[in-house]
Amino acid sequence: MDGVLATRNATVTVETGTEQRTILHDITVSLSSPTTAVLGLNGSGKSTFLRLFNGLSELSSGGVTVHGVDVYTNIRAVRQHVGLLFSDPQAQLIMPTAAEDVELSLQHIKDRDTRRAAALDALRARGLEHRATDSVFSLSGGEKQLAALTSVLAVEPRVLLLDEPTTLLDLRNRLRLSALLKDLPQQLVISTHDLELAAQCEEALVIHEGRLLEQGPAGQVIDAYKGWCAGGFPKPWQPRALEVSDTDGQVDE
Ligand SMILES: Nc1ncnc2c1ncn2[C@@H]1O[C@H](COP(=O)(O)OP(=O)(O)OP(=O)(O)O)[C@@H](O)[C@H]1O
């Protein structure tokens, strides 16, 4: 199971005050590509799905494993290896400045000056050294996003979950982030509405109304998703793994 993120009949149900609402229905999936894009409409369940892999979504039934380790009975161990970049970086930056936030991720470096220098180096590598000691509240949305990513990467996770990482970024920073993600050694799972970023991934899946609707090579899944966005989504939900035929490149369903 090494290198695989897996769910088995994962179901997430929440109390809304007046009723119980199932956000994810019975999702069974295995992610082994270096990069996977998670696509779906607003409110389809992408963030809830992503958060299964670091134990932030509360399971009502089913199971989730990361590299063979059960997430929900080993949450501390799993979180050491699974980083999550929130869609709202302000919720992630918990220290007063970006430098202090990155330093918090570098607690294994015991010497304070060395830790500080390492944090500044990491921010410099993201083009953020000039904002390192400013209040995080004064950073722009994109700068916060890059600062939060710097902090998450500083702990060197094996898996990186990214929740809509390009939403706040201008084109230049989007291109920078895309280039950065290409070079990362981590297994990446990226929830996104940015189809250019999704196309950069090997694999993609579609979550629709809390159900896994499609999984397969990114290009094919993106084309299917575009078609459903324009012409309507299929019902009833039947997960269909797309496979490319060896002989003619046709999609087999
Ligand atoms: N704790 C909760 N209590 C009640 N409803 C919730 C809770 N968490 C999520 N939801 C609802 O579940 C649905 C899926 O939410 P989720 O954030 O996973 O969607 P998403 O696909 O990431 O959406 P978006 O693309 O808009 O960010 C939404 O309708 C959301 O309002």
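Keep in mind that this is a model prediction, so the values were computed, not measured.

Here's the deal with the packing of helix α4 (residues 98-105) against helix α5 (residues 112-125)
Where α4 meets α5, the axes come as close as 9 Å, and the angle between the chain directions of the two elements is 115 degrees. Judged by the angle between their axes, α4 and α5 are roughly perpendicular. Handedness of the α4/α5 crossing: right-handed. Contacts between α4 and α5 pair A98, A99, V102 and E103 from the former with R115, R116, A119, L120, A122 and L123 from the latter. Looking at the contact of α4 with α5, its residues break down into 7 nonpolar, no polar and 3 charged.

Examining the nonpolar core
As a rule of thumb, soluble globular proteins bury nonpolar side chains together. Ranked by size, the top nonpolar core spans 62 residues in total, and within it V38, F53, A98, L161 and V189 carry the most contacts. Considering every element that reaches this core, the biggest residue donor is helix α6 (residues 141-154), with 7 residues. With residues near it in sequence (within four places) discarded, F53 still touches L5, V64, V66, V71, V82, V159, L161 and V189.

Side note on the site of the ligand
The local shell around the ligand consists of V14, T16, R21, I23, G40, N42, G43, S44, G45, K46, S47 and T48. Where the shell around the ligand is concerned, the elements lending two or more residues are β2 (20-31) and α1 (46-50). The dominant element in the shell around the ligand, judged by the number of residues it contributes, is α1, at 3 residues. In terms of residue class, the shell around the ligand is built from 2 nonpolar, 8 polar and 2 charged.

Conventions and cut-offs
- Residues numbered from 1 in each chain as written.
- Predicted model: local features only at pLDDT ≥ 70, side-chain atom pairs only at ≥ 80, totals over all residues.
- Axes fitted to C-alpha atoms, helices over the stretch in contact; angles between N-to-C directions.
- Helix = DSSP H or I, 4+ residues; strand = E, 2+ residues; numbered from the N terminus.
- Parallel < 35°, antiparallel > 145°, perpendicular 65-115°, else oblique.
- Left-handed = near helix turned anticlockwise from the far one by under 90°.
- Contact = placed C-beta atoms within 7 Å.
- Nonpolar A, V, L, I, M, F, W, Y, C, P; charged D, E, K, R; others polar.
- Core = buried A, V, L, I, M, F, W, Y, C linked by C-beta atoms within 7 Å.
- Buried ≥ 20, exposed ≤ 12 C-beta atoms within 10 Å, placed from the backbone.
- Near = placed C-beta within 6 Å.

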